[in-house]
Every structure is written in C-alpha cells, then in structure tokens.
Amino acid sequence: MSVSVRDALRMAALYLVLSVIWLVVSDQIITRIFDDPVDQFRWLWANDFSWVVISTVLIFVARLRHLRFISAGERVRREDRERLRMAAAVFDSTLEGVLVSDRDGIIVHVNRAFMEITGYQKEEVLGQRPSKFKSGRHDKAFYQQMFATLAEKGEWSGEIWNRRKSGEVYPQWQSICAIRNDSGELTHYVAVFSDISAIKHTERELAHLVHYDPLTGLPNRLLFNDRAAQALTQAQAKKRGCALLLMDLDHFQSINDSLGHNTGDQLLKAVGERLEGLVGAGVTLARLGGDEFAVLAENCPQVGQAAALAQTIIEGFKEPFQLDCHRLFTTVSIGISLFPSDAQSAEQLLRNADSALFKAKQNGRSDYAMYTEELTAHAQQRVETASELRRALQQEELRVYYQPIHDLFSGSMIGVEALVRWQHPQRGLVPPGEFIPVAERTGMIGEIDTWVMRQACQQMVEWQAQGKTLAFVAVNVSSRLFAHRDLYRQVAQVLHETGLSPACLEVEVTESAVMEDPEIALEQLHRLRELGIQLAIDDFGTGYSSLLRLKRLPVQKLKIDQGFVNGLPHDDDDVAIVRVIIALARSMGMKVQAEGIELEEQSRFLLEQECDMGQGYWYGRPVPAQQLRWA
Ligand code: C2E
Ligand code: MG
Ligand code: MG
C-alpha cells in the first residue's frame, strides 16, 4: 500500500487535531498519559514511530497550554467543593430543622436537626410527604392559605403545629421557600423550622407569673381585678347580684415575727388550700397580697348567702393548720361588699369590702362585717372622734374606772385594773374600744396612757392613805407607747411624782405588742422591770408567743384572754387551752390571771385548775374609784 506524502500529511494533521481535541475534552487521558507514559509510548510505538515523535511534541505543546487551563479549572472546582462542604456542614449543624422536597412535595432531604426535632430518621421520611407530620390542629383552609401564599410570593412563614414521631404535638416556627431554576421552573421546596415549644412554655410561664401568686398558685390582685370587672359587667347584663369577700388573717404579723417568714409562707400556702376547699368551685379566690385573700361570688344575690359563705370560712379556720414543724391555729376576719347594692364598680366594691373588713377587725376579729351606709357613717365618725378626742384631753373628759381583781383562793379583792372611759358631752360614756384605736392612729395614745397611769397611781396612794390596802393597781400600755424607747422614763416620772411604791404598779402589755417586735419588747420589759414594777402579759393566747421568747421575758403574770374564759367549763377547746396556759405559766414561775369571768362555775373551774387570780363581771364591773366595793 503506497501512501502519498500529501495523504500522510493530511492524516498527520487530522491525527493531531483529534489528539488535541481528545486532550482538551478528556482530562482522564491526560492523566493517563502522565500516569503511565511508558504505556502511552508503547502504544504509539506499536502504531507508527514517526507519528510518535510528532504527536509527542504536539501533545507536549498542547499539554503545556492545557495544563494551565486544567489547573485553573481544578482550582475553581476545589473552591466549589469547599463551599459545598461548608454548606453541608451548616445544613447539618444548624439548630433549625431543614426539609427539602421536590416540586411534587416528595421529601428528598432532611438534616440532622430535623431528625432531632421530629424524632424521625432520614430513611423513615425520604420519599414521603410532609403531610405525615400533620397535627390535626389546623383546618384545610390553613393549608390552602399557606400554599396560595407560596405560589404567589414564593415563600411562607408562620407558626404551625406538627406531630413528632412520639405522637406529641408541638409548635414550630416555619419558613418555606419555593426554589426555581434559571428558567423559572419550580424545582424544590425548602422548609426551615424551629421548635418553639420552649418559647411557648416560657410565654405561658410568664403569663402565669403576671397573673398568679407564686406562693399559693391562686390568681393575684391583677387577675382578680380583671375578673371582678368582667363579672360585674355580666352581672349587670343578667341582673344578677355578686358578693366580694375580703379576708385578712388575724395576727399574721405575729406569726411571721415569732416563727419566721418560712413558717409564715407555709401558713399562707395552707390557708390558700383550705380556702379553695371551703369556697368550692364557681367562685374566684385570689391572694391579693400579704395575708389578704379575696373571694368573688358571682351569683350571690342575697345578703344571707354572702354571710353564710363568710360563716363557712370562719368555721373552716377552727381546725389547726398542719405545717412542716408546727401546728398552728389562725383566725380570719372578713369584710363583705355586695353588688349592686353597695357599689357600682369593681374598685368601689373592693374599697367597701376593705372598710367592712376594718369593722370586722374592730369587732374583735374572727368575724365578718357587711359594708353598709351605716358603716360609711362609722368611718366618718372616726374622723370626728379624732378631733374631739384632742378636745377631750384638754377638757378632762376622760375618766378612769377600776375593775376589781380577786385572789381565787381567798376570794378577796387584791388589786384593780384601771380602764379608761370617755365621758362624752353628747354621746355619754364611750368605751375605750371606740377611741383607743383612733388615739393610737393619731399618736395621742401616749398622752392618754400616761394620764391614766398618773391617775391610777395617785388613786392608789389615796387608798393607801385611807388604809384601803391593795397589792397592786394595773394599767394598760398601748403597743404604740410600748414601742417608744423611753416608756420606762415616763413610768419612773409618774412613780416619782405620785410617790407610789413601784411594787404596787403593774403594767399590762398585750401579747401581740410583745410579738410585734420581740427584741425591742425584751429590752423595754427589762428596763421597766429594773424600776421594780410588776409586768403582765394581757390577752394571752391570742398573740402566738414563741415559748422560747416567752421564757426570756422578765414577766410575772399571764392574763388569759377572756375569749378562752367564755366557753368554760363546757367548751372542750377552751378547757384544753386554759389548762395549757396555766401549766405553762406554772412551769415558767409566773402567776396566772383570768379575764372576763362572768359565771360562778367559771371561777370554780379556774380555781380547780389552780389559776391564781381573776377579774370579770362575776366579781365586779369596772366602776369609778368611789364606787368600788371594799369587803
Ligand atoms: P383589757 O385590758 O383586756 O381589759 C379588759 C376588758 O374586758 C375591759 O374592757 C373590761 O371592761 C372588760 N371586761 C372585764 N370583765 C368582763 C366580763 O366579765 N365580761 C366581759 N364581756 N368583758 C369584761 P374595756 O374597759 O372596754 O377595755 C377594753 C380594752 O381597752 C382593754 O382590754 C384594754 O386593752 C383597752 N384599754 C382600756 N383602758 C386603756 C388605757 O388606759 N390604755 C390603753 N392603752 N388601753 C386601754
Ligand atoms: Mg388589760
Ligand atoms: Mg385583756
């Protein structure tokens, strides 16, 4: 076969062109040439050596040029790969769940967070549709709206409730994006979502904190006011009556002070629980703050119904409260205001209930009182009383009455208690319960108490001069004056002025005054005691004394509150309490005196219990000095 030179050159040119094209389009062949040049040469040698040289030169030239091209291409591809790797890392490590579906909604990809949030593994969801996660919380219209927005705007975001593999329904915040290719065709949907159940939980907790009292779990003042306003609107529309009962624990401050705030908190919690049981469902019970609770009874048209509810609550407090380390008794005072007869708005209803509560407290606690016009008048009278009392002091309208105190063993009168009265020009003889609280609030109490003390000491000196012998005269000191640090100076001054022997003066301080600030009380009592006078704790049994503190007090006598003497000798509780108080006083070397003895059987019972002294109507009412009967 003869080949012309021309043909040979043409073939060579073709071969070269093909080689170059081959080299350019195929990286692999280049790699193969370089990987195994010997094979390549062998292959070329076997075909035609002359072409081997030419083609090798040409390949070399082409390769040099192409290498530059290849290396640039390689760099681009490496950057791409880097970017892809980074995207994949982000995709996988992001806390948001990611779900990619194709344009038919078939899931083609999910990330790690998706699996963590939903509980599904990749294999369980690939090839499925997102409807697999539906919670059933949204209706058809919700999804229609979502797809309409997606179609129109290419994206949708919002809150959606889905279901985890465990079956739990949870809220997620989700953004869905429609992906289109360069020619604008829809290819994929990408959904990115986060689990917002924790946020929702916090939101709920916050809402709870704003509206509920953390200690008792009851609605707080804010929520109560809200509910009261709503209830009144409804009651107005339906022409129904409502009642608001405002409750305040009696002597709660003393419990807090003597047993500590922890115990106080436990008691409040227990009170909340007890109240829930007592008022039942269908009413709003709230803790308004401190020891103040409120009940709103929405369907309570009759005064009697509200009173019955109040009575139930008061009765319900007769059982002790069992706390971690204490068993406590506490009582409650209740003020009642009615809608629409007493007030037209929720605020007014609450204000009126507050005035009624004040009245209940004044009635001697563990009681309820209604808000009425009469009560408002009472409040106004208190204001008048204050200015009149000032005048009474100057014009000497106050009187000191004396109530005999008897030795229960001998039956004879051994002392008297000085009790103040107000001889009012129009109102007649006003009892201390009506003006002492006013005097305490206006600060006039100090003057009154010192005046009474001076009168009593003078009187005692007079009696002694007349040969009428009494062991002591007792005077009351208000907690306000007691808290005053120079009380002892005033007492010393009175003793000095009147010349009465200190041993003949007894100062009565109420148990609650001592417990209001036990440290100051201790200091005050010691100073008074240094003067040589006797000290007694009045109204004992109502102030939650801590025994430890009681032991440290330099006090010689406990006066059993008349509330416990009342029920003697038949009321089992009173019998038990009186016995305990007497035993307690004995163990601490103190004398005991019972107040409010009205019946002979009471005095007999007390004598049997070895109570030392007693006072009460059975022995004699408080009378002016000249009317006192001497045996
Ligand atoms: P208190 O010191 O516990 O006085 C006993 C009260 O019980 C007196 O009331 C007395 O009249 C009354 N009472 C005595 N025996 C009986 C009885 O058998 N049955 C009943 N139901 N009551 C009886 P009063 O005089 O109305 O005094 C009330 C309170 O006013 C006193 O309670 C005392 O805390 C206070 N008070 C009286 N005078 C003064 C005073 O000069 N200064 C101060 N700060 N308070 C005074
Ligand atoms: Mg007294
Ligand atoms: Mg008393």
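What counts and what doesn't
Residues numbered from 1 in each chain as written. Chains lettered and ligands numbered in written order. Predicted model: local features only at pLDDT ≥ 70, side-chain atom pairs only at ≥ 80, totals over all residues. Heavy atoms only, no water. Helix = DSSP H or I, 4+ residues; strand = E, 2+ residues; numbered from the N terminus. Buried < 20%, exposed > 50% of the residue type's maximum accessible area, 1.4 Å probe, protein only. Contact = heavy atoms within 4.5 Å. Areas by Shrake-Rupley, 256 points an atom, 1.4 Å probe, with all protein chains shown as cover. Donors = N, O, S within 2.8 Å, 3.2 Å for Na, K, Ca; no water. Expected span 1.5 Å × (residues − 1). Salt bridge = Lys/Arg side-chain N within 4 Å of Asp/Glu carboxyl O. Phe/Tyr/Trp six-rings, centres within 6.5 Å; stacked < 30°, edge-to-face > 60°. Near = heavy atom within 4 Å. Polar contact = N/O pair within 3.5 Å; in protein donor to acceptor, adjacent residues only side chain to side chain. Pairing = 2+ DSSP bridges. Right-handed = clockwise from strand over helix to strand, strands pointing away. Axes fitted to C-alpha atoms, helices over the stretch in contact; angles between N-to-C directions. Core = buried A, V, L, I, M, F, W, Y, C linked by side-chain atoms within 4.5 Å. Parallel < 35°, antiparallel > 145°, perpendicular 65-115°, else oblique. Nonpolar A, V, L, I, M, F, W, Y, C, P; charged D, E, K, R; others polar.

### Quick word on the overall build of the protein
Here is step 1: From N to C terminus, the protein includes 24 helices and 22 strands.
Here is step 2: Going through the 631 residues of the protein one by one, you find that 44% of them count as buried.
Here is step 3: Long-range pairs, those at least 24 residues apart, make up 62% of the contacts in the protein between residues at least 6 apart in sequence.
Here is step 4: Accessible surface computed for the protein: about 33,600 Å², of which carbon and sulfur atoms make up 53%.

### Looking at the coordination of the magnesium ion (ligand 2)
Here is step 1: Taken together, Glu417 (OE), Asn476 (OD1), Glu508 (OE) and Asp538 (OD) make up the full set of protein donors to the magnesium ion (ligand 2), lying 2.0 to 2.3 Å away.
Here is step 2: All donors of the magnesium ion (ligand 2) belong to a single chain; written as a sequence motif, their spacing is E-x58-N-x31-E-x29-D.
Here is step 3: The metal-metal distance between the magnesium ion (ligand 2) and the magnesium ion (ligand 3) is 4.3 Å, with Asp538 coordinating both. Taken together, the residues span a long stretch of sequence, with Glu417 in strand β14 (residues 413-424) and Asp538 in strand β18 (residues 534-540) at a distance of 121 residues. When sorted by exposure, Glu417 lands in the same class as Asp538, which is buried.

### A closer look at the coordination of the magnesium ion (ligand 3)
Octahedral six-donor coordination of a metal ideally yields angles of 90 or 180 degrees, compared with 109.5 degrees for tetrahedral four-donor coordination.
Here is step 1: Coordination of the magnesium ion (ligand 3) by the protein involves Asp538 (OD), Asp539 (OD), Glu595 (OE) and Glu595 (OE), with metal-donor separations of 1.9 to 2.5 Å.
Here is step 2: Mapped onto the sequence, the residues coordinating the magnesium ion (ligand 3) show the spacing D-D-x55-E.
Here is step 3: In this structure Asp539 comes out as partly exposed when scored by relative accessible area, which is 24%.

### As for helix α12 (residues 303-316)
Here is step 1: Its 14 residues give α12 an end-to-end C-alpha distance of 20 Å, which sits within 8% of 20 Å, the value for a rise of 1.5 Å per residue.
Here is step 2: Within α12, the full set of buried residues consists of Ala306, Ala307, Leu309, Ala310, Ile313, Ile314 and Gly316.
Here is step 3: Check the buried side of α12 and you find it contacts β6 (242-249), α11 (261-279), β8 (292-297), β11 (332-339) and β12 (368-370).

### Observations concerning the pattern of salt bridges
Here is step 1: Scanning the entire structure with this criterion turns up 19 salt bridges.
Here is step 2: Among the ionic pairs, Arg287 bridges to Asp213, the shortest N-O distance being 3.0 Å. With Arg287 in strand β7 (residues 283-289) and Asp213 in the loop between α8 (197-211) and α9 (221-238), this residue pair connects regions lying 74 residues apart in the sequence.
Here is step 3: On the basis of relative accessibility, which here comes to 10%, the residue Asp213 falls in the buried class.
Here is step 4: The shortest N-O distance in the salt bridge between Glu315 and Lys318 comes to 3.6 Å.
Here is step 5: By sharing partners, the salt bridges in this structure join Glu417, Glu508, Lys559 and Glu595 into a single network.

### Details of the packing of aromatic side chains
Here is step 1: Summed over the entire model, instances satisfying the criterion amount to nine aromatic pairs.
Here is step 2: Their ring planes at 65° and their centres at 5.4 Å tell us that Phe317 and Phe321 sit as a pair that is edge-to-face. Across this residue pair, the class does not change: Phe317 and Phe321 are buried.
Here is step 3: Between the aromatic rings of Tyr402 and Trp463, the centroid separation amounts to 5.2 Å while the plane-to-plane angle is 70°, which identifies the pairing as edge-to-face. With a gap of 61 residues between them, Tyr402 in strand β13 (residues 398-407) and Trp463 in helix α16 (residues 445-465) connect regions that are remote in the sequence.
Here is step 4: Of the residues examined, Tyr402 reaches a relative accessible area of 2% and is grouped as buried.

### Examining the site of ligand 1
Here is step 1: Taken together, 23 residues lie around ligand 1, and Arg421, Asp449, Gln562, Glu598 and Tyr617 are the ones closest in.
Here is step 2: Asp449 has a polar side-chain atom sitting 2.6 Å from a nitrogen atom of ligand 1.
Here is step 3: For ligand 1, an oxygen atom lies 2.9 Å from a polar atom in the side chain of Asp538.
Here is step 4: Alone, ligand 1 offers 780 Å² of accessible surface; in the complex the protein occludes 83% of this.

### Examining the pairing of strand β20 (residues 591-594)
Here is step 1: Relative to β20, strand β19 (residues 557-560) is paired through four bridges, and the arrangement is parallel. Pairing of Lys557 across the sheet is with Lys591, part of β20.
Here is step 2: In this view, the connection linking β20 to its parallel neighbour strand β21 (residues 613-614) by way of helix α24 (residues 600-608) has right-handed handedness.

### Re the sheet that holds β7
Here is step 1: One open sheet holds the five strands; their spatial order is β7-β8-β6-β11-β12, and the pairing between them is mixed. In this open sheet, the two strands that pair with only one neighbour each are β7 and β12. Looking at each pair of strands side by side, their axes are set apart by 20° on average, direction ignored.
Here is step 2: Both β7 and β8 contribute to a ladder of six bridges, which runs antiparallel.

### What about the sheet that holds strand β5 (residues 186-195)?
Here is step 1: As summarised here, the arrangement of the five strands in space is β2-β1-β5-β4-β3, forming an open sheet in which the pairing is antiparallel. Of all strands in the sheet, those bounded by a partner on one side alone are β2 (107-110) and β3 (155-163). Neighbouring strand axes in the sheet, compared pairwise and without regard to direction, differ in orientation by 25° on average.
Here is step 2: Relative to β2, strand β1 (residues 97-102) runs antiparallel, the two being bridged by three bridges. Residue pairing for β2: Val100 is matched across the bridge by His109.
Here is step 3: Most of the contacts of helix α7 (residues 140-153) go to β3, to which it runs at about 150°, and overall it touches β3, β4 (169-180) and β5.

### Overview of the side chain of Gln172
Here is step 1: Mapped onto the elements, Gln172 comes out in strand β4.
Here is step 2: Side-chain polar atoms of Gln172 contact the side chain of Tyr170, separated by 2.7 Å.
Here is step 3: Setting aside chain neighbours within four positions, we find Gln172 in contact with Gly158, Glu159, Ile160, Asn162, Phe193, Ser194, Asp195 and Ile196.

### What to know about the environment of Ser412
Here is step 1: Along the chain, Ser412 turns up in the loop between β13 and β14.
Here is step 2: Since its relative accessible area comes to 33%, Ser412 is described here as partly exposed.
Here is step 3: As for Ser412 and Tyr619, which are separated by 207 residues in sequence, their C-alpha atoms are 9.7 Å apart.
Here is step 4: Discounting residues that sit within four places of it in the chain, Ser412 has contacts with Ile405, His406 and Asp407.

### Some thoughts on the nonpolar core
Here is step 1: Counting 77 residues, the largest nonpolar core has Tyr402, Phe482, Leu505 and Leu606 as the members making the most contacts within it.
Here is step 2: For this core, the element with the highest residue contribution is α16, accounting for eight residues.
Here is step 3: Ala297, Cys300, Ile314 and Ile334 belong to the second-largest nonpolar core, a separate cluster that totals 33 residues.

### Structural notes on the side chain of Lys559
Here is step 1: By the element assignment, Lys559 lies in strand β19.
Here is step 2: Within the local environment of Lys559, its side chain forms a polar contact with the side chain of Glu508, the two groups lying 2.6 Å apart.
Here is step 3: The contacts of Lys559, once residues within four sequence positions are left out, are Glu417, Glu508, Ile537, Asp538, Asp539, Phe540, Gln593, Glu595 and Gln615.

### Digging into the packing of helix α10 (residues 252-259) against α11
Here is step 1: Axis separation between α10 and α11 bottoms out at 6 Å; the angle between their running directions is 140°. Of the possible angle classes, the one that applies to α10 and α11 is oblique. For the pair α10 and α11, contact is made by Phe252, Ile255, Asn256 and Leu259 and by His261, Thr263, Gly264, Leu267 and Leu268, respectively.
Here is step 2: Looking at the contact of α10 with α11, its residues break down into five nonpolar, four polar and no charged.

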